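Okay, here's what each chain looks like letter by letter:
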Amino acid sequence: MSKEDFKKFVRKNPNLIKYVNNKNITWQKIYETYELYGENESIWNNYVYENKIPNSFNEIINNIKKIDLEKLQTGIENIQNTISMIQSFGSNKKEQPNNYKYNYQHLDD
């Protein structure tokens, strides 16, 4: 990619100028990023688009597409098992004092 390509990219995306003028990023950093990723990467979404709502929606959709459903299912099952174990500990504690009381009363007889 040439410097001329980078200049064309900046002209097509004037919001980059706003970010540099507001000192949010330097031209050097923008150029280095451009050299690494080119212009068609999602890295530019935060800098290029004026309207953030569609961009945010697209990011959400892209992140949902990346989810490994098998890992998600395994994680949910692990959480359910943990909750069941915690609930069983809670129910066992409630029963124990009654058993001790019953056994103690039985010894008094």
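Heads up: these notes are all about the structure in this document. Treat the numbers as computed from the prediction; the structure is a model and nothing was measured.

Thresholds, definitions, all that
- Residues numbered from 1 in each chain as written.
- Predicted model: local features only at pLDDT ≥ 70, side-chain atom pairs only at ≥ 80, totals over all residues.
- Heavy atoms only, no water.
- Core = buried A, V, L, I, M, F, W, Y, C linked by side-chain atoms within 4.5 Å.
- Buried < 20%, exposed > 50% of the residue type's maximum accessible area, 1.4 Å probe, protein only.
- Contact = heavy atoms within 4.5 Å.
- Patch = residues over 30% accessible without salt bridge, like charges linked within 9 Å, V, L, I, M, F, W, Y side chains within 5 Å.
- Areas by Shrake-Rupley, 256 points an atom, 1.4 Å probe, with all protein chains shown as cover.
- Salt bridge = Lys/Arg side-chain N within 4 Å of Asp/Glu carboxyl O.
- Helix = DSSP H or I, 4+ residues; strand = E, 2+ residues; numbered from the N terminus.
- Phe/Tyr/Trp six-rings, centres within 6.5 Å; stacked < 30°, edge-to-face > 60°.

### Some remarks on the nonpolar core
If you look at the biggest cluster of nonpolar residues, it comprises 12 residues: Phe6, Phe9, Val10, Leu16, Tyr19, Val20, Ile25, Ile30, Tyr31, Tyr34, Trp44 and Val48. If near-sequence neighbours (up to four positions away) are discounted, Ile25 is found in contact with Tyr19, Val20, Ile30 and Tyr47.

### What about a nonpolar patch on the surface?
A contiguous nonpolar patch, built from Phe57, Ile60, Ile61, Ile64, Ile67, Leu69, Leu72 and Ile76 and spanning about 740 Å² of accessible area, is present on the exposed surface. Mapped by element, the contributors of at least two residues to the nonpolar patch are helix H5 (52–65) and helix H6 (69–108). In terms of residue count, H5 provides more of the nonpolar patch than any other element does, four residues in total. Summarising the element assignment, Ile64 is placed in helix H5.

### Re the packing of aromatic side chains
If you walk through the whole model with that rule in mind, you get four aromatic pairs. Taking 5.1 Å as the distance between ring centres and 35 degrees as the angle between the ring planes, the aromatic pair formed by Phe9 and Tyr34 counts as tilted. Of this pair, Phe9 sits in helix H1 (residues 3–12) while Tyr34 sits in helix H3 (residues 27–37); the two residues are 25 residues apart in sequence, bridging distant segments of the chain. Taken together, the ring pairs in this structure connect Phe6, Phe9, Tyr31, Tyr34 and Trp44 into an aromatic cluster.

Purely spatial values, then, with no claim about function.
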